[in-house]
Amino acid sequence: MGIACVAFIGPQNNPMYLRSIDPASDDLYMKLHYVIHCALDAVEEKVLLKRGPGDSQDAYLGLLYPTEDYKVYGYLTNTHVKVLLLLDDEGAVKDEAVMRVFRRLHGLYVDTASNPFHKFGLPLSSPRFDAAVDGVVSIYRGAGASQGGFMT
Amino acid sequence: MLRSGPTGARNAPALEQINAEVFTLTYGSIVRQLISDYEDIEEVNKQLEQMGYNMGIRLVDEFLAKAKISRCSSFRDTADVVAKQALPMFLNVTANVTNWSPDQTECSLVLTDNPLADFVELPDEYRELRYCNVLAGVVRGALEMVNMEVECRWVSDMLRGDDCYELRLKLKEHRDEKFPYKDDD
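Residues numbered from 1 in each chain as written. Chains lettered and ligands numbered in written order. Predicted model: local features only at pLDDT ≥ 70, side-chain atom pairs only at ≥ 80, totals over all residues. Heavy atoms only, no water.

Colleague: What should I look at first to understand the packing of helix H3 (residues 75-91) of chain B against helix H4 (residues 133-145) of chain B in this one?
Modeller: When two helices pack together, their arrangement is captured by the angle between the axes and the distance separating the axes. Residue and element names in this part refer to chain B. Viewed as axis vectors pointing N to C, H3 and H4 meet at an angle of 120°, and their least axial separation amounts to 12 Å. In terms of axis orientation, H3 runs oblique to H4. The two elements H3 and H4 cross, and the hand of that crossing is right-handed. From H3, Thr-78, Val-82, Leu-87 and Leu-91 reach across to H4, where they touch Leu-135, Val-139 and Leu-143. The residue makeup of the contact of H3 with H4, split by class, is six nonpolar, one polar and no charged. (Axes fitted to C-alpha atoms, helices over the stretch in contact; angles between N-to-C directions. Helix = DSSP H or I, 4+ residues; strand = E, 2+ residues; numbered from the N terminus. Parallel < 35°, antiparallel > 145°, perpendicular 65-115°, else oblique. Left-handed = near helix turned anticlockwise from the far one by under 90°. Contact = heavy atoms within 4.5 Å. Nonpolar A, V, L, I, M, F, W, Y, C, P; charged D, E, K, R; others polar.)

Listed below in structure tokens is the structure:
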């Protein structure tokens, strides 16, 4: 229960990071890629609908679309990096909790991109980043999903 | 150099400060540029050390002018001053001085936090890079200007998986003060 997959997509819709939280077979990975790929269209749609000229820019896009197995949530940074979460929660999902996960993931991305050896726009390959993502996910699993909030 | 927190330095004088991220990212770009210019990690290590040396021989004057310290009576004192006064003043970190050799000429400065290396993860192909070598150069340069010939090298580095940053200092020679002029000049 909780977060099934975390993905970071670059400004040109280039995949930078896609990770299934539970160990996944190649087939499952293909499926995750597919779901994420479809979600990118939903991101664009959402942005067009949501953002008039005078609107304030909120990074959190909310629920993009539900599939049979997952609910896809999106977050768009000001540099057009998209963060996508696949949730396999059955019950109601608290926006507040998901938003916090996104904020933390955004923070992690910023720190990782600040590594002078990180090649910009290329996939994120960093053991520290992997571990930190795991941390965020497990906090969400532990407390966030059921009570709708966890301490920051 | 860095923003100093309330728990930061012990009686270090307030210097002009720079945002920590600007500092860290600037240093990171310098290291990257050196790597792409020299293409040889050993050479990069050497250059970083040399840059640090050039900084150290200038910085020591500022340190002595602004820090309110008295004359050091032994190398032990000197190491303490470097760890507890100079590092907090310029880098906003303190170090512990440990692992003294029996003859008191070798010791280690141990740092657990190093603002130079925030965000940094060394890729495998740069395993031999001593990322913070500039610090070794600074210490060597600064001590050389106060008549102490020391050898500085990093023996542990958190970027390479150790659990702290350890800078080994070895006193090679303590020269007497020499004046380049004579009375009748």
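So much for the structure itself; the text now carries on.
Colleague: Any chance you could explain helix H1 (residues 20-38) of chain B here in plain terms?
Modeller: Along an α-helix, a turn takes 3.6 residues, which lines up residues three or four apart on a common side. All names here are of chain B. The end-to-end C-alpha distance of H1, which contains 19 residues, comes to 27 Å, matching closely the 27 Å that a straight helix rising 1.5 Å per residue would cover. Looking at H1, one finds that the buried residues are Phe-23, Thr-24, Tyr-27, Gly-28, Val-31, Leu-34 and Ile-35. Down the axis of H1, the sector holding all buried residues measures 130°, keeping them to one side. Elements in contact with the buried residues of H1: helix H2 (41-66), H3 and H4. The backbone nitrogen of Glu-21 lies 2.7 Å from a side-chain oxygen of the residue at the head of H1, namely Asn-19. Residue Glu-39 follows H1 closely and has a positive phi angle near 60°. (Expected span 1.5 Å × (residues − 1). Buried < 20%, exposed > 50% of the residue type's maximum accessible area, 1.4 Å probe, protein only. Arc of directions from axis to C-beta. Polar contact = N/O pair within 3.5 Å; in protein donor to acceptor, adjacent residues only side chain to side chain.)

Colleague: Got a minute to help me understand a negative patch on the surface in this structure?
Modeller: On the surface, a cluster of negative charge is made up of Asp111(A), Glu21(B), Asp113(B) and Asp118(B). Looking at the element boundaries, Glu21(B) is found in helix H1. (Patch = residues over 30% accessible without salt bridge, like charges linked within 9 Å, V, L, I, M, F, W, Y side chains within 5 Å. Areas by Shrake-Rupley, 256 points an atom, 1.4 Å probe, with all protein chains shown as cover. Salt bridge = Lys/Arg side-chain N within 4 Å of Asp/Glu carboxyl O. Lys, Arg positive; Asp, Glu negative; His and termini not counted. Charge placed at Lys NZ, Arg CZ, Asp CG, Glu CD.)

Colleague: Which parts of the structure should I look at to understand the pattern of salt bridges?
Modeller: Once their charged atoms are close, side chains differing in charge can pair, the charge on each being opposite to the other. A full pass over the atoms with the stated rule returns nine salt bridges over all chains. A salt bridge links Glu151(B) to Arg153(B); the nearest nitrogen and oxygen atoms lie 3.9 Å apart.

Colleague: Help me out: how do you make sense of the interface of chain B and chain A in this one?
Modeller: Interface size is often expressed as the accessible area that is lost when the parts come together. In this complex, chain B contributes 13 residues to the contact, which on the side of chain A involves ten residues. Summed over both partners, the interface of chain B with chain A buries about 1,000 Å², with 58% contributed by carbon and sulfur atoms. Ranking the residues of chain B by area buried against chain A places Arg32(B), Phe119(B) and Glu121(B) at the top, with a combined share of 65%. For the pair chain B and chain A, the interface holds zero salt bridges. Applying the counting rule to chain B against chain A returns five residue pairs in polar contact (both at pLDDT 80 or more). Among the residues forming the side of chain B that touches chain A, the class breakdown is ten nonpolar, one polar and two charged. (Buried area = accessible area lost by both parts, 1.4 Å probe.)

Colleague: Before we go on, may I ask you to explain the packing of aromatic side chains in this structure?
Modeller: The geometry of two aromatic rings is summed up by the distance between their centres and the angle between their planes. Considering all chains together, one arrives at twelve aromatic pairs over all chains under this definition. Ring geometry for Phe8(A) versus Tyr109(A): centroids 5.8 Å apart, planes at 25°, classification stacked. Here Phe8(A) is found in strand E1 (residues 3-9), whereas its partner Tyr109(A) is found in helix H2 (residues 95-113), with 101 residues between them in sequence. Look at Phe8(A) and you get buried, because its relative accessible area is 0%. Judged by centre distance (6.5 Å) and plane angle (55°), the rings of Phe63(B) and Phe90(B) are tilted. Pair noted here: Phe63(B) is in helix H2 and Phe90(B) is in helix H3, with a separation of 27 residues, a long-range link. Phe90(B) matches Phe63(B) in its accessibility class, with the two residues each being buried. (Phe/Tyr/Trp six-rings, centres within 6.5 Å; stacked < 30°, edge-to-face > 60°.)

Colleague: Looking at this model, I keep getting lost on the sheet that holds strand E1 (residues 96-98) of chain B. Mind explaining?
Modeller: Backbone hydrogen bonds hold the strands of a sheet together, and the pairing may be parallel or antiparallel. All names here are of chain B. The four strands lie next to each other as E1-E2-E4-E3, forming an open sheet whose pairing is antiparallel. Single-partner strands in this sheet number two, and they are E1 and strand E3 (148-156). Looking at each pair of strands side by side, their axes are set apart by 30° on average, direction ignored. When E1 meets strand E2 (residues 106-111), the two strands line up antiparallel, connected through three bridges. In the sheet register, Thr-98 faces E2, and the bridge partner there is Ser-108. Sitting on the sheet, H3 is in contact with E1, E2, E3 and strand E4 (165-174), with an inclination near 15° to E2. Against the sheet, H4 makes contact with E3 and E4, and its axis sits at roughly 165° relative to E3, the strand it touches most. (Pairing = 2+ DSSP bridges.)

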